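As a plain string of letters, each chain reads:
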Amino acid sequence: MADDLDLNTLGDEELVAQMHDDLYDGLKTEIEDAVHILLNRGWTPYDVLTQALVEGMRIVGLDFRDGILFVPEVLMSANAMKGGMSILRPLLAETGAPKVGKMVIGTVKGDIHDIGKNLVGMMMEGAGFEVIDLGINNGVEKYLAAIEEHRPDIVGMSALLTTTMPYMKVVIDTMKEKGIRDDYVVLVGGAPLNEAFANSIGADAYCRDAAVAVETAKAFMAKRHAATASRA
Ligand code: B12
């Protein structure tokens, strides 16, 4: 962003376009300022997240794919995105509603991508779920320990690399071996996945984005509650 540009003087549309540029350039402070400005103008946290941040990151992703941006630059963008997300996170979680369910979520072993996972976690919190975030690079033992400790309803795994997505099957197979697979709903996501892959590894569902993750999780919770009620 040019030093003399005052973000406050921009209209909403221009400001969002400027945020896409600033995200591209990895300008964290500018992104944080712009998030505050939009919120002060009455934007919902969800709209700021999707229209300004997620859309900006999508553009970064395209140029990374095409070899126009490289890892250090994308890291700067990711850092700027996280700055914006940390402002929105408490606002999205502010529902005050009783907890709908509990989710353990993590990125699988060998994979350090966490923006998508974090978004899913934030949106799930916003929808009333308690979320235990295991972070990145999780081996099967981490998932098992978290399942044991937290007894979640849902286990979520994220993978952004074609080389790491097969690891999800390792986790599910180990759950089967231990006889606990059917006690949990397993949701998987990440850009290289699809429904066929999720079915092939024995997951309950693939979710293409955070909004679908929330809908899917709620649907599974409704089924679980119905099943518990019919047994009672
Ligand atoms: C940002 C980024 C990085 C950053 C990550 C920073 C961070 N803290 O996450 C950095 C620079 C570190 C990075 C590194 C690498 N990256 Co990278 N990265 C990306 C990029 C540009 C964007 C990913 C992203 O954040 N998207 C935005 C979020 C919002 O979307 P999302 O992750 O898909 O998540 C949504 C859904 O998938 C879903 N979802 C995701 N997880 C889950 C989990 C559950 C449970 C559910 C229900 C849903 C769900 O909901 C999310 C929200 O809507 C992608 C390109 C792309 N288009 O995906 C490449 C990409 C994933 N990276 C790629 C590569 C190759 C790498 C590196 C190997 C590069 C290198 N040569 O070193 C390393 C790998 C390091 C490692 N071991 O993990 C490739 C993967 C290719 C492949 N087929 O495997 C991609 C596709 C780029 C490309 N086209 O070449 N990367």
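Source: prediction; values computed, not measured. (Residues numbered from 1 in each chain as written. Predicted model: local features only at pLDDT ≥ 70, side-chain atom pairs only at ≥ 80, totals over all residues. Heavy atoms only, no water.)

*Asks:* It is not clear to me how the sheet that holds strand E5 (residues 205-206) should be interpreted in this structure. Could you clarify?
*Replies:* Sheet strands pair by backbone hydrogen bonding; their relative direction is either parallel or antiparallel. Pairing in this open sheet of five strands is parallel, and the strands run E2-E1-E3-E4-E5 from one edge to the other. Taken across any chain shown, the strands that pair with only one partner, and hence form the sheet edges, are strand E2 (129-133) and E5. Inspection of the sheet shows strand E3 (residues 154-158) paired to strand E4 (residues 185-189) by five bridges, in the parallel sense. If you follow Ser-158 over to E4, its bridge partner there is Gly-189. Here helix H6 (residues 140-150) sits on the sheet and contacts strand E1 (101-107), E2 and E3; the angle it forms with E1, its principal contact strand, is near 165 degrees. (Pairing = 2+ DSSP bridges. Helix = DSSP H or I, 4+ residues; strand = E, 2+ residues; numbered from the N terminus. Contact = heavy atoms within 4.5 Å. Axes fitted to C-alpha atoms, helices over the stretch in contact; angles between N-to-C directions.)

*Asks:* Help me understand the layout of surface pockets in this model?
*Replies:* A water-sized probe, rolled over the atoms, reveals where empty space remains. As a volume, the largest pocket reaches approximately 1500 Å³. Around the largest pocket sit 47 residues that line it, and Met-57, Ile-115, Gly-116, Leu-160 and Ala-191 are the ones nearest its centre. The residue inventory of the lining of the largest pocket, partitioned by class, reads 31 nonpolar, nine polar and seven charged. (1 Å grid on protein atoms, 1.4 Å probe; cavity = no way out; pocket = protein on both sides within 12 Å on 5 of 7 lines; lining within 4 Å. Points joined across faces, edges and corners; volume = space filled by probe spheres on them. Nonpolar A, V, L, I, M, F, W, Y, C, P; charged D, E, K, R; others polar.)

*Asks:* Just to check I follow, could you spell out helix H2 (residues 28-40) for this structure?
*Replies:* Side chains of residues three or four places apart in an α-helix project in the same direction, reflecting 3.6 residues per turn. The end-to-end C-alpha distance of H2 is 18 Å, a good match for the 18 Å that 13 residues give at a rise of 1.5 Å each. Those residues of H2 that sit buried are Glu-30, Ile-31, Ala-34, Val-35, Ile-37 and Leu-38. End-on view of H2: buried residues confined to an arc of 165 degrees, all on one side of the axis. On its buried side, H2 packs onto helix H1 (12-24), helix H3 (45-65) and helix H4 (71-93). One or two positions beyond H2, positive phi appears at Gly-42, with a value near 95 degrees. (Expected span 1.5 Å × (residues − 1). Buried < 20%, exposed > 50% of the residue type's maximum accessible area, 1.4 Å probe, protein only. Arc of directions from axis to C-beta.)

*Asks:* How should I be thinking about unusual backbone geometry in this particular structure?
*Replies:* Note: most peptide bonds trans; most residues except glycine with negative phi. In this model, Asn-137 sits at a positive phi of 55 degrees, which is unusual for a non-glycine residue. Its place among the elements puts Asn-137 in the loop between E2 and H6. Phi is positive for Arg-151, which is not a glycine, with a value near 45 degrees. Secondary-structure assignment places Arg-151 in the loop between H6 and E3. Overall, Arg-151 belongs to the exposed group, its relative accessible area being 51%.

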